[in-house]
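Tertiary structure, described
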Amino acid sequence: MAKLNKKKVKELRDSLTLQPKSVWEQASPAQRREIMALGEQYKRFLDQAKTERLAVEAIKKAARAKGFRQLKPGAVGKRFYLEFKGKLLALAVLGRRPLRQGLRLLGSHIDAPRLDLKMHPLYEEQELVFLKTHYYGGIKKYQWLARPLAIHGVVCTAEGRTVEVHIGDGTEDPVFSLLDLLPHLSRRSQGEKKFSEAVEGERMNLLLGTLPLDAGAAKDKVKLAVLQELNKRYGIAEKDLISAELELVPAGRARDVGLDRSLVGGYGQDDRASAFASLQALLEVKNPAVTAVALFFDKEEIGSEGATGAQSRFLEHLTALLLQSAGQPADYLSVSRCLAASQTLSADVNAAFDPDYPEVHEKRNAAYLGYGVNLTKYTGHGGKYGASDADAEYVAWLRGVWDRAGVVWQAAGMGKVDEGGGGTIAKHLAIYGMDIIDVGPPMFSMHSPFEICHKADIYSSVQAYLAFYQAPPMKGGRGLA
Ligand code: MN
Ligand code: MN
């Protein structure tokens with residue numbers, strides 16, 4: 001056989017092999033400007049959406065400004081929002097086709113790892129007043145010590161008042177902190193322990209104040225002074241903290257990272273990166289063939305549980321209301337047919353390959369920062385436990401949609417097979433019979449107080465989500481009879 005010349009080898013390589021593409025290198029000068037401009041919008045969104053309640057407010061405000069109205073029985077129009085308990089939100093743009101033929105759904109989550117307060121949080125010790133915390137979601141506890149924290153949330157009183165508390169993110173606000181031990185004295189109590197045991201949850205207490213009431217030898221004078229201040233500001237007493245949801249999150253704004261400003265660093269990007277990209281894509285959708293829906297779930301970080309998580313019945317109710325407002329039957333069969341005929345992207349972040357820890361990644365199947373939105377056929381752990389595992393037909397359809405729209409994307413799992421793993425909302429929505437797959441930007445330092453995403457990957461995510469919404473109906477009888 002004759003030896004192939006260089007040109008022929010290149011032809012073969014270009015036509016037969018898969019070559020990863022960097023979003024930035026593929027982008028035109030105009031697109032590069034768009035990537036940077038989108039980064040500015042993204043940082044503002046992160047600053048507004050530091051808790052699930054604040055995220056709902058920020059998304060609802062953006063949608064209302066674009067003419068979205070509240071979805072309720074008898075509502076007329078094409079663009080709707082439906083909110084539940086201030087922590088779960090859906091946006092929808094009605095399509096031209098009958099709803100029973102399915103929806104295009106994007107599902108992200110707007111909760112993030114953080115520190116909550118216990119029901120009896122307030123105490124005084126050595127004339128220092130602290131709040132006892134209880135962490136929410138998967139955190140590495142040491143990352144939350146000795147850094148500025150803000151408090152955001154609500155206190156509800158038995159008389160029916162809801163008081164909003166926001167301290168630590170205004171420019172003149174004080175911040176709060178959990179103490180850490182100095183290295184000089186931590187050799188045994190931290191340094192010689194296993195990493196996972198070095199910081200104990202019961203030692204994660206927030207320092208709140210030190211100035212006593214002017215009350216002579218009275219007991220708990222600092223605690224009383226703190227309670228007096230809380231009462232003055234918010235009209236609350238200690239018992240009201242039992243019915244509070246106060247969340248401790250990193251104080252400060254999202255920032256550009258890197259000399260070239262290519263990255264965004266900040267809190268809560270898992271999964272507000274996907275929530276932001278979903279929102280941007282949905283607001284762009286005009287008169288789609290298939291009804292476009294963006295879902296913003298709570299409680300993903302603790303297993304999608306509860307009334308506002310992805311395991312709730314909210315989606316069935318939303319579907320029935322959409323059917324009704326479109327003048328179509330909203331009975332059980334119509335709802336289940338609609339959901340089973342739907343295509344969904346579980347919009348969530350994935351771990352980017354970290355060159356300092358190559359041993360946890362499998363480099364041929366890892367996501368790379370800057371290489372675009374990432375498609376993950378299955379999540380889970382070990383032998384695919386806990387995965388919904390998208391089928392080949394759906395993956396093929398989605399690939400075609402993105403390639404025709406010129407989206408720069410990549411496909412990757414998370415970590416080595418035996419290393420660990422994780423889940424998303426995908427399996428909880430897959431039970432309706434819909435097509436669903438995980439899609440989102442890669443990220444460094446996931447679940448830390450300062451997560452890092454690439455601006456080009458946020459841009460690629462918006463492009464990917466928009467192409468998905470606008471793609472023509474999927475062919476073939478994929479739904480239930
Ligand atoms: Mn997530
Ligand atoms: Mn997470």
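Owing to the predicted nature of the structure, the values given are computational and were not obtained by experimental measurement. (Residues numbered from 1 in each chain as written. Chains lettered and ligands numbered in written order. Predicted model: local features only at pLDDT ≥ 70, side-chain atom pairs only at ≥ 80, totals over all residues. Heavy atoms only, no water.)

What to know about the layout of surface pockets
Empty pockets left among the atoms are what a rolling probe the size of a water molecule brings to light. As a volume, the second largest pocket reaches approximately 550 Å³. Along its surface, the second largest pocket is lined by 21 residues, and Q41, F276, L279, Q280 and L283 are the ones closest to its centre. Those elements giving two or more residues to the lining of the second largest pocket turn out to be helix 3 (29-48), helix 4 (52-65), helix 7 (269-284) and helix 12 (455-470). If you tally residues by element for the lining of the second largest pocket, the top one is helix 3, at seven residues. (1 Å grid on protein atoms, 1.4 Å probe; cavity = no way out; pocket = protein on both sides within 12 Å on 5 of 7 lines; lining within 4 Å. Points joined across faces, edges and corners; volume = space filled by probe spheres on them. Helix = DSSP H or I, 4+ residues; strand = E, 2+ residues; numbered from the N terminus.)

Focus on the packing of aromatic side chains
Following the criterion strictly, the structure yields 11 aromatic pairs and no others. Pairing F468 with Y469 gives two aromatic rings, centres 6.0 Å apart and planes at 40°, and the pair type is tilted. For the pair F468 and Y469, a shared accessibility class is recorded, and that class is buried. Grouped by ring-pair contacts, the aromatic residues Y394, W397, F468 and Y469 constitute a single cluster. Over the ring of F468 we find R104; its NZ or CZ atom is 5.7 Å from the centre of that ring. Here the guanidinium or amino end of K384 rests over the ring plane of Y378, the centre of that ring lying 4.0 Å away. (Phe/Tyr/Trp six-rings, centres within 6.5 Å; stacked < 30°, edge-to-face > 60°. Buried < 20%, exposed > 50% of the residue type's maximum accessible area, 1.4 Å probe, protein only. Lys NZ or Arg CZ within 6 Å of the ring centre and 35° of its normal.)

A closer look at the packing of helix 3 against helix 7
In helix packing, the relevant descriptors are the interaxial angle and the interaxial distance, both defined with respect to the helix axes. Following both chains from N to C, one finds helix 3 and helix 7 inclined at 120°, their axes separated by 10 Å at the closest point. Here helix 7 runs oblique to helix 3, going by the angle between their axes. Crossing of helix 3 over helix 7 shows right-handed handedness. Taken together, the residues of helix 7 that come into contact with helix 3 (itself represented by L38, Q41, Y42, F45 and L46) are Q269, R272, A273, F276, L279 and Q280. Residue composition of the contact of helix 3 with helix 7, grouped by class: seven nonpolar, three polar and one charged. (Axes fitted to C-alpha atoms, helices over the stretch in contact; angles between N-to-C directions. Parallel < 35°, antiparallel > 145°, perpendicular 65-115°, else oblique. Left-handed = near helix turned anticlockwise from the far one by under 90°. Contact = heavy atoms within 4.5 Å. Nonpolar A, V, L, I, M, F, W, Y, C, P; charged D, E, K, R; others polar.)

Remarks on the coordination of the manganese ion (ligand 2)
Distances from the manganese ion (ligand 2) to its protein donors, D270 (OD), E301 (OE), E301 (OE) and H447 (NE2), fall within 2.1 to 2.6 Å. A distance of 3.4 Å spans the gap from the manganese ion (ligand 2) to the manganese ion (ligand 1), which D270 bridges by coordinating each metal. Of this pair, D270 sits in helix 7 while E301 sits in the loop between strand 14 (291-297) and helix 8 (314-325); the two residues are 31 residues apart in sequence, bridging distant segments of the chain. (Donors = N, O, S within 2.8 Å, 3.2 Å for Na, K, Ca; no water.)

A word on the sheet that holds strand 21 (residues 435-440)
Reading across the sheet, the nine strands line up as 1-2-3-14-4-15-21-17-19 and stay open at both edges, with mixed pairing between neighbours. Looking at the sheet topology across the chains shown, the edges are occupied by strand 1 (69-70) and strand 19 (409-411). Where strand 3 (residues 88-93) and strand 14 come together, five bridges link them in antiparallel fashion. Its bridge partner being in strand 14, L91 is matched across the sheet by A294. Helix 7 rests against strand 2 (79-84), strand 3, strand 4 (103-109), strand 14 and strand 15 (343-347) of the sheet, and its axis sits at about 150° to strand 4. Seen against the sheet, helix 12 touches strand 4, strand 14, strand 15, strand 17 (373-376) and strand 21 and runs at an angle of roughly 150° to strand 4. (Pairing = 2+ DSSP bridges.)

Here we look at the side chain of K43
For K43, the position within the fold is in helix 3. According to the relative accessible area criterion, K43 is buried, its value standing at 11%. Setting aside residues up to four positions removed in sequence, K43 forms contacts with A254, R255, D256 and V264.

Observations regarding the sheet that holds strand 10 (residues 205-209)
The strand order across the open sheet formed by seven strands is 8-7-11-5-6-10-9, and the pairing between neighbours is antiparallel. If you trace the sheet from one side to the other, it starts and ends with strand 8 (162-167) and strand 9 (177-178), each paired once. Contacting strand 5 (114-125), strand 6 (128-136), strand 8 and strand 10, helix 6 (residues 221-234) crosses the sheet at an angle of about 130° to strand 5.

Digging into a nonpolar patch on the surface
On the surface, L4, V9, L12 and L16 cluster together into a nonpolar patch covering about 350 Å² of accessible area. Relative to the assigned elements, L4 resides in the segment before helix 1 (6-16). (Patch = residues over 30% accessible without salt bridge, like charges linked within 9 Å, V, L, I, M, F, W, Y side chains within 5 Å. Areas by Shrake-Rupley, 256 points an atom, 1.4 Å probe, with all protein chains shown as cover. Salt bridge = Lys/Arg side-chain N within 4 Å of Asp/Glu carboxyl O.)

Here's the deal with helix 4
Taking 1.5 Å per residue as the helical rise, helix 4 with its 14 residues ought to reach 20 Å, and the 20 Å between its terminal C-alpha atoms agrees with that figure. Those residues of helix 4 that fall on the buried side of the exposure criterion are E52, L54, A55, V56, A58, I59, K60 and A63. Just downstream of helix 4, G67 is the residue with a positive phi angle, here 90°. (Expected span 1.5 Å × (residues − 1).)

Examining the environment of F296
Mapped onto the elements of the fold, F296 is located in strand 14. The buried category is assigned to F296, whose relative accessible area is 0%. The sequence separation of F296 and V395 amounts to 99 residues, and the corresponding C-alpha distance is 23 Å. What F296 contacts, discounting residues up to four positions off in sequence, is I59, K87, L88, L89, L91, S108, I110, A275, S278 and L279.

Examining empty space enclosed by the protein
In total, this model carries one cavity of 30 Å³ or more according to the counting rule given. Size it by volume and the largest cavity reaches roughly 40 Å³. Lining of the largest cavity is provided by T376, K377, Y378, T379, S388, D389, A390, A426, I436, I437 and D438. Of all the elements, strand 21 adds the most residues to the lining of the largest cavity, at three residues.

Digging into the domain arrangement of the protein
Domains assigned within the protein are domain 1 (21-112 + 267-470) and domain 2 (114-250). Placing a centre on the C-alpha atoms of domain 1 and another on those of domain 2 gives a separation of 33 Å. Opposite the 17 residues of domain 1 that make contact, domain 2 presents 15 residues. Between domain 1 and domain 2, a total of about 1400 Å² is buried, with carbon and sulfur atoms accounting for 53% of that surface. (Domains from an automatic or database assignment. Buried area = accessible area lost by both parts, 1.4 Å probe.)

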